[in-house]
Amino acid sequence: TYYGGYYLLVSEPLSGNSATGGFDNINIDELGFQAVTPTNIIVEEMWYGMYNTIANANRLIEGLTRIDDPSFDPARKAEIEGQARAIRALAHLDMLRFFGEHWDNGSEYGIPVVDDVQEIGDITSRSTVADSYDFIISELEAALELVNTDERDPAFVNAATVHALLARAYLYNRS
């Protein structure tokens, strides 16, 4: 429901890069007509998918702090944390672009920034756009210090990935 499909399905018709419709599916037709309602299940599933990605990254980062095994390479532990931070930042940036007023740094309508493991019933308030960008950029800068700069396997986040995400965050933030 995130990069596996809905994220791309939602972004392209809303940007005018593609068209949808004629599927006898009101949720897809709303995207094509650029008249998405709050009850659109595709948008709802995308929201859940993004925050599920964030929750998984949060669980991984917290779990890494519990590892007390001297045989676990500290450099590898740092790489894993850096990748999780970069993925968490990417999901927050995508959330801000879809569900916040990302174009207005003075807006109060950012996104709920979730940087810890939550329990059922926890509610995180919406952050300002400036606070949302501050979190995203600080996460990417922290990730840059942790990821393996020599990594070239496309299955893993590396320094080039983090630099690209930072460039995107700075572009949207106009800084």
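Residues numbered from 1 in each chain as written. Predicted model: local features only at pLDDT ≥ 70, side-chain atom pairs only at ≥ 80, totals over all residues. Heavy atoms only, no water.

Tallying secondary structure elements over the protein chain gives 6 helices and 0 strands in all. Listing every helix and strand of the protein chain by position from the N terminus yields α-α-α-α-α-α. Within the protein chain, the fraction of its 175 residues that count as buried is 38%. Partitioning the intrachain contacts of the protein chain with sequence separation of at least 6 by distance along the chain shows that 56% fall at a separation of at least 24. (Helix = DSSP H or I, 4+ residues; strand = E, 2+ residues; numbered from the N terminus. Buried < 20%, exposed > 50% of the residue type's maximum accessible area, 1.4 Å probe, protein only. Contact = heavy atoms within 4.5 Å.)

Okay, the nonpolar core next. By size, the foremost hydrophobic cluster in this structure holds 34 residues, and its most contacted members are I136, L140 and V162. For this core, the secondary structure elements donating two or more residues are α1 (6–15), α2 (26–32), α3 (41–66), α4 (74–99), α5 (129–146) and α6 (159–173). Among residues more than four places away in sequence, those in contact with I136 are A89, H92, L93, L96 and A169. (Core = buried A, V, L, I, M, F, W, Y, C linked by side-chain atoms within 4.5 Å.)

The subject of this paragraph is the packing of aromatic side chains. All chains considered together, the criterion is met by 7 aromatic pairs. Note on Y3 and Y7: the rings are 4.7 Å apart at their centroids and 45° apart in plane angle, and the pair reads as tilted. With centroids separated by 4.9 Å and ring planes inclined at 80°, the aromatic side chains of W47 and F99 adopt a geometry described as edge-to-face. In this pair, W47 sits in helix α3 while F99 sits in helix α4, placing the two residues 52 residues apart along the sequence. Accessibility expressed as a relative area gives 28% for W47, which makes it partly exposed. Within the aromatic cluster, the residues linked to one another by ring pairs are Y2, Y3, Y7, W47, Y51, F98 and F99. (Phe/Tyr/Trp six-rings, centres within 6.5 Å; stacked < 30°, edge-to-face > 60°.)

Look at α4 against α5: their axes get within 8 Å of each other, and the N-to-C directions meet at 155°. One way to sum up the angle between α4 and α5 is to call them roughly antiparallel. With respect to the hand of their crossing, α4 and α5 are arranged in left-handed fashion. Between α4, through A78, E79, E81, G82, R85, A86, R88, A89, H92, L93 and L96, and α5, the contact on the second element is made entirely by V129, S132, Y133, F135, I136, E139, L140, A142, A143 and L146. (Axes fitted to C-alpha atoms, helices over the stretch in contact; angles between N-to-C directions. Parallel < 35°, antiparallel > 145°, perpendicular 65-115°, else oblique. Left-handed = near helix turned anticlockwise from the far one by under 90°.)

The next point concerns the confidence of the model for the protein chain. Averaged over the protein chain, the pLDDT score is 91; the fraction of residues at 70 or greater is 98%. Averaged pLDDT values for the elements of the protein chain fall to 76 in α1 and rise to 98 in α5. (pLDDT = per-residue confidence, 0-100.)

Evaluation of the coordinates by the stated rule reveals 6 salt bridges. The salt bridge involving R85 is made with E139; its shortest N-O contact spans 2.5 Å. Of this pair, R85 sits in helix α4 while E139 sits in helix α5; the two residues are 54 residues apart in sequence, bridging distant segments of the chain. We note that R85, like E139, is buried. A cluster of three or more residues bridged by salt bridges with shared partners is formed by E81, R85, R88 and E139. (Salt bridge = Lys/Arg side-chain N within 4 Å of Asp/Glu carboxyl O.)

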